[in-house]
Amino acid sequence: METSKEIKIQKEYINKVKELNKTKRLQYSILTMGCQLNENDSEKLCGMIEEMKYTKTDDFTEADLVIFNTCCVRENAEDKLFGKLGELKRIKEKKGTIIAIGGCMMQEKHITKKIHTSYPYVDIIFGTHTLHKFPENLYKVLEEKKKLEDVLDIDGKIYEGLPIKRNNNIQASITIMNGCNNFCSYCIVPYVRGRERSRKPKDIIKEVEQVAKEGYKEIMLLGQNVNSYLRVEMQEIKEGKMEDTGEYKEINSFSKLLRKINEIDGIERIRFVSPHPKDFTDDVIEAIADCDKVCKQVHLPLQSGSSNMLKTMNRKYTKEQYLNLVEKMKSKIPNLTLSTDIIVGFAGESEEDFEDTLDVVKKVKFEQVFMFIYSRRVGTPGDKMENQIPEEIKHKRFDKLKQLVESQIAQRNQEYIGSTQKILVEGKSKNNQEMLTGRTDSNKVVIFEGSKDLIGSIINIKIISEHMWYLKGEKINGK
Ligand code: SAH
Ligand code: SF4
Ligand code: F3S
């Protein structure tokens, strides 16, 4: 069935549930684990659920409907989910709460099996390819009082036109592609998200124009591998597997998409995650340099600094290629800052390999480093490798890396003191309602005193002190 027809059917289900709930005052609660793509999926779930007359509450003991949107990239997410499910049992017995679990973890058979046996009171299990069918599944549970599982193991499809309830008024996340074709040997994502598929340029542009009209200032473009945007589609057209309808005439790559979005009025900043170093072609570097709204801050996942490890990880670049890419980017993009992801303790990682990672960190001087201890994932090649690293060595290496990163960040923060930064003001600071919070182009959090009508504007702030994870500043010229 065409995806547009499928969405039409779901809109009919939204109306049916709305009708069922007409006289009730119902609340829902959602817990999202995982990456920004999952957060964006949750925004779509919230969009559908709010159209079905549920209002949001942060207290899941109060809710009539509880949704977990799960992640399985590392093991700790599983413990968190099962802990919460245990807590919900008693509440459900008292209140009849409907429990729905969706997302990446539900694509794993051993997990759904565990839920069926140990947590049989869960009402709906849905996967990454059936999120759009939430209204239909909820209707069936409400009407027919049965429990259901709706998980498909298919190549991803793109669904347009779902309602959305964004959880931020300044920054809008926009998913530009689904799935991943890279199969890094440690990673579960390709197995749970399916093959890479890009949204059509016109649909993305329409969404950006829409959020610009609604007053959003910053766009975050999302995908597991954003710089291979439309690559699969272009290849299929070339091989005659897909009809060339002419809709990719103007935009047929990530760099062209960036350039086009840069022209949209109202948007002040454009960011994207995650690009893959192997696909960081010159046209993308040039687009970042040329486009005034594209932040000069790039997240460039390293994973390991050792060429050996990178090969085992199936990353398709070497230490030298990564460092050369960084040099090239820094020479072509003035004031570029970089952030990265690093895994320590992947199978076979020797002390020497780990030293290579430290060496790259020392050389590149990242603005931010997301560090992870390798977590074995069932079904991935990494899990089957023999030379796994003992937990205590993993932790030792992690601590050593963390120390290096923190000392570098503290040093970088010092360099900010006294400088003037352009801050996009995002709102009141969570920890101190008297203060405002915003971010620099380089994605550093800055807090300062100011009136709330500054929210949504870009202002000059002088940095006066640093506090590891944020900077403190003050307004210049009373503005
Ligand atoms: N597609 C993105 C990010 C995917 S997941 C990319 O390629 O960069 C986010 C991060 O989680 C990865 O960059 C990686 O550092 C980490 N990660 C993925 N699988 C992991 C595992 N099995 N154990 C520990 N960290 C992992
Ligand atoms: Fe996982 Fe690699 Fe794909 Fe990123 S690029 S999602 S790390 S397989
Ligand atoms: Fe997790 Fe799925 Fe994202 S596994 S990191 S939520 S794509």
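Our subject is the structure that appears above.
Residues numbered from 1 in each chain as written. Chains lettered and ligands numbered in written order. Predicted model: local features only at pLDDT ≥ 70, side-chain atom pairs only at ≥ 80, totals over all residues. Heavy atoms only, no water.

Asks: Could you give me a rundown of the site of ligand 2, with the residues and numbers involved?
Replies: Taken together, Cys-180, Asn-182, Phe-183, Cys-184, Tyr-186, Cys-187, Val-189, Pro-190, Gln-224, His-276 and Arg-315 form the complete shell of residues around ligand 2. Its residues assigned to classes, the shell around ligand 2 shows seven nonpolar, three polar and one charged. (Near = heavy atom within 4 Å. Nonpolar A, V, L, I, M, F, W, Y, C, P; charged D, E, K, R; others polar.)

Asks: Quick one: what's the story with the packing of aromatic side chains, residue by residue and with numbers?
Replies: Two numbers describe a pair of aromatic rings. These are the distance of the centres and the angle of the planes. Summed over the entire model, instances satisfying the criterion amount to nine aromatic pairs. Here Phe-82 and Tyr-119 contribute two aromatic rings whose centre-to-centre distance is 5.3 Å and whose plane-to-plane angle is 10°, an arrangement assigned as stacked. One end of the pair, Phe-82, is in helix α3 (residues 76-95); the other, Tyr-119, is in the loop between α4 (109-118) and β5 (124-126), with 37 residues separating them in the sequence. Aromatic pair Tyr-119 and Tyr-121: ring centres 6.3 Å apart, planes at 75°, arrangement edge-to-face. Under the relative-accessibility criterion, Tyr-119 is labelled buried at 15%. Following the ring pairs from residue to residue traces out a cluster consisting of Phe-82, Tyr-119 and Tyr-121. Its guanidinium or amino end placed over the ring of Phe-82, Lys-114 lies 4.2 Å from that ring's centre, counting from NZ or CZ. (Phe/Tyr/Trp six-rings, centres within 6.5 Å; stacked < 30°, edge-to-face > 60°. Helix = DSSP H or I, 4+ residues; strand = E, 2+ residues; numbered from the N terminus. Buried < 20%, exposed > 50% of the residue type's maximum accessible area, 1.4 Å probe, protein only. Lys NZ or Arg CZ within 6 Å of the ring centre and 35° of its normal.)

Asks: Which residues make up the pattern of salt bridges, and what values go with them?
Replies: Inspection of the entire model under this criterion finds 38 salt bridges. In this structure, Glu-426 and Arg-439 form a salt bridge, with 2.6 Å as the shortest nitrogen-oxygen distance. Of this pair, Glu-426 sits in strand β15 (residues 420-428) while Arg-439 sits in strand β16 (residues 435-439), placing them 13 residues apart in sequence. We classify Arg-439 as buried; its relative accessible area is 13%. (Salt bridge = Lys/Arg side-chain N within 4 Å of Asp/Glu carboxyl O.)

Asks: Explain helix α5 (residues 134-144) to me, using residue names and the numbers behind them.
Replies: Of all eleven residues in α5, eight are buried; the element is thus mostly enclosed. Every buried residue belonging to α5 is among Phe-134, Pro-135, Glu-136, Asn-137, Leu-138, Tyr-139, Val-141 and Leu-142, and all of these are buried. Lys-145 sits one or two positions beyond α5 and adopts a positive phi of about 55°.

Asks: Tell me about the sheet that holds strand β13 (residues 337-344), residues and numbers included.
Replies: The parallel open sheet is built from three strands, whose spatial order is β12-β13-β14. Two strands bound the open sheet, and with one partner strand each, they are β12 (297-299) and β14 (368-373). Adjacent strand axes in the sheet meet at a mean angle of 10° when their direction is disregarded. In this sheet, β14 lies alongside β13 in parallel orientation, the contact comprising six bridges. Bridge pairing in β14 links Ile-343 to Phe-372. Along the sheet, helix α15 (residues 391-416) contacts β13 and β14; its crossing angle with β14, the most-contacted strand, is approximately 170°. (Pairing = 2+ DSSP bridges. Axes fitted to C-alpha atoms, helices over the stretch in contact; angles between N-to-C directions. Contact = heavy atoms within 4.5 Å.)

Asks: Quick rundown of the sheet that holds strand β7 (residues 171-175)? Include the residues and the values.
Replies: Spatial ordering of the open sheet is given by β7-β10-β11, a layout of three strands whose pairing is parallel. Pairing within the sheet leaves two strands with one partner each, and these edge strands are β7 and β11 (269-273). Each neighbouring strand pair of the sheet contributes to a mean axis angle of 20°, computed without reference to strand direction. When strand β10 (residues 218-222) meets β11, the two strands line up parallel, connected through five bridges. When the bridges of β11 are listed, Ile-219 appears paired with Ile-270. Along the sheet, helix α2 (residues 36-51) contacts β7, β10 and β11; its crossing angle with β7, the most-contacted strand, is approximately 100°. Each of β10 and β11 touches helix α9 (residues 254-262); the most contacted strand, β11, lies at about 155° to it.

Asks: Go over the nonpolar core with me, naming the residues and quoting the values.
Replies: In this structure, Leu-221, Phe-254 and Met-329 are the most contacted members of the largest nonpolar core, which totals 61 residues. When neighbours within four sequence positions are excluded, Leu-221 is seen to be in contact with Ile-174, Ile-176, Val-226, Phe-254, Leu-258, Ile-261, Ile-270, Arg-271, Phe-272 and Val-273. Among the nonpolar cores identified, the runner-up in size contains 28 residues, and Ile-7, Val-17, Met-48 and Leu-148 belong to it. (Core = buried A, V, L, I, M, F, W, Y, C linked by side-chain atoms within 4.5 Å.)

Asks: Lay out the site of ligand 1 in plain terms, naming residues and giving numbers.
Replies: Around ligand 1, the surrounding shell holds 15 residues, and the nearest of these are Arg-74, Gln-224, Gln-303, Asp-341 and Ser-375. Within the side chain of Arg-74, an N or O atom sits 2.9 Å from an oxygen atom of ligand 1. Within the backbone of Tyr-186, an N or O atom sits 3.0 Å from a nitrogen atom of ligand 1. Compared with its free state, where it exposes 540 Å², ligand 1 has 90% of that area covered by protein. If you list the elements that add at least two residues to the shell around ligand 1, you get β13 and β14. (Polar contact = N/O pair within 3.5 Å; in protein donor to acceptor, adjacent residues only side chain to side chain. Areas by Shrake-Rupley, 256 points an atom, 1.4 Å probe, with all protein chains shown as cover.)

Asks: Go over the state of the cysteines, please, and point to the residues and values.
Replies: Summed over all chains, the structure comprises zero disulfides. Cysteine Cys-72 remains unbridged, with the sulfur of Cys-104 as its closest cysteine sulfur at 5.3 Å. Residue classification places Cys-72 among the buried positions, given a relative accessible area of 1%. (Disulfide = S-S within 2.5 Å.)

Asks: Account for the environment of Thr-337, with residues named and values stated.
Replies: Mapped onto the elements, Thr-337 comes out in strand β13. When the C-alpha positions of Thr-337 and Glu-160 are compared, they lie 34 Å apart, and in sequence the two are 177 residues distant. With sequence-adjacent residues up to four places away left out, Thr-337 is seen in contact with Lys-296, Gln-297, Val-298, Glu-367, Arg-412 and Ser-442.

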